[in-house]
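# Structural overview
Residues per chain are reported as follows:
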Amino acid sequence: SLKELMESEGYGAIEGFNGAMHFGKPAKFLIGDYQSFDKFDSLLSLREKIWATAGDDYTPGDGGFDHAAVVVFAKSLSQSEILGNLKSGNFYAMEGSNAPRIGIFTNSSSITVTSDKLSDITFIGREGRVLKKERNVATAAYAPNGSEIYVRTEVEAGGKKSWSQPIFVSDQSVTRIELPGRYTV
């Protein structure tokens, strides 16, 4: 629950999407929803600096493989490089290998998202509000106005989604993040 998350300490990410729960694992009826982006947005709106992941939660025999993953932006595939970029939020979550591959680019006044497929690109801010949505595009940009606290994106194509990490905004300035390369983990 959100209350339990707010009382917790020492975590750097929450699972925004669980592939096995989404694709029919019977436990979803006992445990809950396959997405937690509502809780993610609530925590971000409280100025918590956390990231969202996606995981298969694979157990042999349950058919839950290749429904969720993260893509890490890293200069190399070394363990320290991958872990460092995961800890710093330099990755995005995706709904399996058929989800859009995205790029996130920032400067001091705008956030641009690219997709390898024509996609619906949604910019989301404080309390999960939709800030802007572009349909059937490969690139979209958003210029923060300073009131958002954070901006994250959801990119959907062919029924599959990818989710960026939040980009933190203050006084009309975007906190710059470096995205040096792309490797799938």
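Here is what the cut-offs are and how they apply
- Residues numbered from 1 in each chain as written.
- Predicted model: local features only at pLDDT ≥ 70, side-chain atom pairs only at ≥ 80, totals over all residues.
- Heavy atoms only, no water.
- Helix = DSSP H or I, 4+ residues; strand = E, 2+ residues; numbered from the N terminus.
- Buried < 20%, exposed > 50% of the residue type's maximum accessible area, 1.4 Å probe, protein only.
- Contact = heavy atoms within 4.5 Å.
- Phe/Tyr/Trp six-rings, centres within 6.5 Å; stacked < 30°, edge-to-face > 60°.
- Salt bridge = Lys/Arg side-chain N within 4 Å of Asp/Glu carboxyl O.
- pLDDT = per-residue confidence, 0-100.
- Pairing = 2+ DSSP bridges.
- Polar contact = N/O pair within 3.5 Å; in protein donor to acceptor, adjacent residues only side chain to side chain.
- Core = buried A, V, L, I, M, F, W, Y, C linked by side-chain atoms within 4.5 Å.

### As for the overall build of the protein chain
The helix and strand tally for the protein chain stands at 5 helices and 12 strands. When burial is assessed residue by residue, the protein chain has 44% of its 185 residues classed as buried. Considering only contacts in the protein chain between residues 6 or more positions apart, those separated by 24 or more positions represent 58%.

### A closer look at the packing of aromatic side chains
If you walk through the whole model with that rule in mind, you get 3 aromatic pairs. Judged by centre distance (5.8 Å) and plane angle (45°), the rings of phenylalanine 73 and tyrosine 92 are tilted. With phenylalanine 73 in the loop between β3 (69-72) and α5 (79-87) and tyrosine 92 in strand β4 (residues 91-94), the pair connects residues that are 19 residues apart, well separated along the chain.

### A short note on the pattern of salt bridges
Counted by the stated rule, this structure contains 5 salt bridges. In this structure, aspartate 120 engages arginine 135 in a salt bridge whose closest nitrogen and oxygen atoms are separated by 3.4 Å. Here aspartate 120 is found in strand β6 (residues 111-125), whereas its partner arginine 135 is found in strand β7 (residues 129-142), with 15 residues between them in sequence. One salt bridge connects glutamate 134 with lysine 132, and the closest N-O pair in it is separated by 3.4 Å. Exposure remark for glutamate 134: the relative accessible area of 27% places this residue in the partly exposed category.

### Looking at the confidence of the model for the protein chain
Of the residues in the protein chain, 69% have a pLDDT of 70 or more, and the chain-wide mean is 79. Confidence, read as mean pLDDT per element, is least for strand β12 (residues 183-184) in the protein chain (34) and greatest for β7 (97). Scored below 50 in pLDDT, residues 176-185 makes 34 contacts in the model with residues more than four places away or belonging to other chains.

### Observations concerning the environment of alanine 138
Among the secondary structure elements, alanine 138 is positioned in strand β7. On a C-alpha basis, the gap between alanine 138 and valine 113 in space is 8.2 Å, while along the polypeptide they are 25 residues apart. When residues no more than four places from it in sequence are discounted, the contact partners of alanine 138 are Val113, Thr114, Ser115, Lys117, Leu118 and Ile121.

### Focus: the pairing of β7
Pairing analysis gives 10 bridges linking β6 to β7, with the strands arranged antiparallel. Counterpart to isoleucine 111 in the pairing with β7 is tyrosine 142. As consecutive antiparallel partners, β6 and β7 are separated by 3 residues, and within that stretch glutamate 127 has a phi angle of approximately 60°, a positive value.

### Points about the side chain of serine 164
By the element assignment, serine 164 lies in the loop between β9 (160-163) and β10 (167-170). When its relative accessible area of 3% is taken as the criterion, serine 164 is described as buried. A distance of 2.8 Å separates the side chain of serine 164 from the backbone nitrogen of threonine 153, its partner in a polar contact. Aside from chain neighbours lying at most four places away, what touches serine 164 is Tyr92, Ile102, Ile104, Arg152 and Thr153.

### As for the nonpolar core
Phe40, Leu44, Ile50 and Val72 are the most contacted members of the largest nonpolar core, which has 20 residues in total. Where this core is concerned, the elements lending two or more residues are α4 (37-45), β2 (51-55), β3 and β4. Here the element with the most residues in this core is α4; it accounts for 4 residues. Membership of the second largest hydrophobic core comes to 19 residues, among which are Ile121, Ala140, Val155 and Val169.

### Details of the environment of lysine 161
For lysine 161, the location among the structural elements is in strand β9. Put simply, lysine 161 and alanine 99 are 62 residues apart on the chain and 5.4 Å apart in space, counted from C-alpha to C-alpha.

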